[in-house]
Amino acid sequence: MLTHIPPDGVAPGNGYSHVVVGEGRLVVISGQVALDEKGNVVGKGDAAAQARQVFENLRRCLAAGGATFAEIAKFTFYVTDVAILPEVRAVRDAHIDTARPPASTAVQVAALYRPELMLEVEALAIIPW
């Protein structure tokens with residue numbers, strides 16, 4: 001089970017937790033991008049479509065590690081434009097418990113490894129013993 005701890009003296013997170021603690025098996029998911037199972041980009045120019053594909057890829061990776069979105073302790077979002085974060089968060093919110101969101105970092109980057117890609121998301125999950 002993950003415990004979400006609001007630290008003293010730190011402003012509340014807007015849609016994320018500052019501290020998430022858990023005991024169990026760590027599952028580390030490499031950054032996922034909007035590629036389908038054949039390696040084709042999904043949703044060129046469409047942040048919401050890319051986010052849906054990214055979260056489907058994350059779901060599949062989590063399942064391979066024996067985890068679900070309920071065990072996510074932290075996401076790291078890399079976006080080519082922070083203006084797409086509301087669309088990305090809407091997709092994320094369909095997969096997580098928004099009352100107990102994971103820790104999160106969002107970073108704007110100059111580019112991802114393919115110019116059509118708008119975001120990459122990596123995740124850390126902890127499966128309780």
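The notes below deal with the structure included here. Here the structure is a predicted model, which is why all the values come from computation and not from measurement. (Residues numbered from 1 in each chain as written. Predicted model: local features only at pLDDT ≥ 70, side-chain atom pairs only at ≥ 80, totals over all residues. Heavy atoms only, no water.)

**So, the overall build of the protein chain**
(1) Moving on: In terms of regular secondary structure, the protein chain is built from two helices and six strands.
(2) Moving on: The C-alpha atoms of the protein chain give 15 Å as radius of gyration, which agrees with the globular expectation for 129 residues (14 Å, within 12%).
(3) Moving on: For the protein chain, buried positions account for 38% of its 129 residues.
(4) Moving on: Summarising the internal contacts of the protein chain: among those between residues at least 6 apart in sequence, 74% fall at separations of at least 24.
(5) Moving on: With the model as given, the accessible surface of the protein chain reaches about 7,000 Å², and the carbon-plus-sulfur share is 55%.
(6) Moving on: Measuring between centres, the 11 positive side-chain charges of the protein chain sit 4 Å from its 14 negative side-chain charges. (Helix = DSSP H or I, 4+ residues; strand = E, 2+ residues; numbered from the N terminus. Rg over C-alpha atoms; globule rule 2.2 N^0.38 Å. Buried < 20%, exposed > 50% of the residue type's maximum accessible area, 1.4 Å probe, protein only. Contact = heavy atoms within 4.5 Å. Areas by Shrake-Rupley, 256 points an atom, 1.4 Å probe, with all protein chains shown as cover. Lys, Arg positive; Asp, Glu negative; His and termini not counted. Charge placed at Lys NZ, Arg CZ, Asp CG, Glu CD.)

**Section: the nonpolar core**
(1) Moving on: Counting residues in each nonpolar core, the largest one holds 31 residues, and the members touching the most others are Phe 55, Leu 58, Phe 75 and Leu 119.
(2) Moving on: Examining the composition of this core, we find that six residues originate from one element, helix H1 (residues 47-64), more than from any other.
(3) Moving on: Counting residues in hydrophobic clusters, the runner-up holds five residues, among them Leu 2, Ala 73, Ala 103 and Ile 126. (Core = buried A, V, L, I, M, F, W, Y, C linked by side-chain atoms within 4.5 Å.)

**Considering helix H2 (residues 85-93)**
(1) Moving on: All of the buried residues along H2 are Leu 85, Val 88, Val 91 and Arg 92. The arc that holds the buried residues of H2, viewed along the axis, is 125°, so those residues lie on one side.
(2) Moving on: Those residues of H2 hidden inside the fold are in contact with H1, strand S4 (72-79), strand S5 (103-108) and strand S6 (119-128). (Arc of directions from axis to C-beta.)

**Quick look at the environment of Gln 32**
(1) Moving on: Along the polypeptide, Gln 32 turns up in strand S3 (residues 24-32).
(2) Moving on: On the basis of relative accessible area, Gln 32 is assigned to the buried category, the value being 15%.
(3) Moving on: In this structure, the C-alpha to C-alpha distance between Gln 32 and Pro 7, residues 25 residues apart in sequence, is 30 Å.
(4) Moving on: With residues near it in sequence (within four places) discarded, Gln 32 still touches Val 54, Asn 57, Leu 58, Cys 61, Leu 119, Glu 120 and Val 121.

**Comments concerning the environment of Glu 116**
(1) Moving on: If you trace the backbone, Glu 116 turns up in the loop between S5 and S6.
(2) Moving on: For Glu 116, a relative accessible area of 24% translates into the label partly exposed.
(3) Moving on: The spacing of Glu 116 and Gly 43 is 73 residues in sequence and 8.8 Å in space, taken between C-alpha atoms.
(4) Moving on: Setting aside chain neighbours within four positions, we find Glu 116 in contact with Val 41, Lys 44 and Gln 50.

**Some remarks on a nonpolar patch on the surface**
(1) Moving on: On the surface, Leu 26, Val 28 and Leu 124 cluster together to form a nonpolar patch covering roughly 270 Å² of accessible area.
(2) Moving on: Along the chain, Leu 124 turns up in strand S6. (Patch = residues over 30% accessible without salt bridge, like charges linked within 9 Å, V, L, I, M, F, W, Y side chains within 5 Å. Salt bridge = Lys/Arg side-chain N within 4 Å of Asp/Glu carboxyl O.)

**Here's the deal with the pattern of salt bridges**
(1) Moving on: Under the criterion given, the structure shown has five salt bridges.
(2) Moving on: As a salt-bridge pair, Glu 116 and Arg 114 come within 3.5 Å of each other at their nearest N and O atoms.
(3) Moving on: Classification of Arg 114 by relative accessible area gives partly exposed; the value is 26%.

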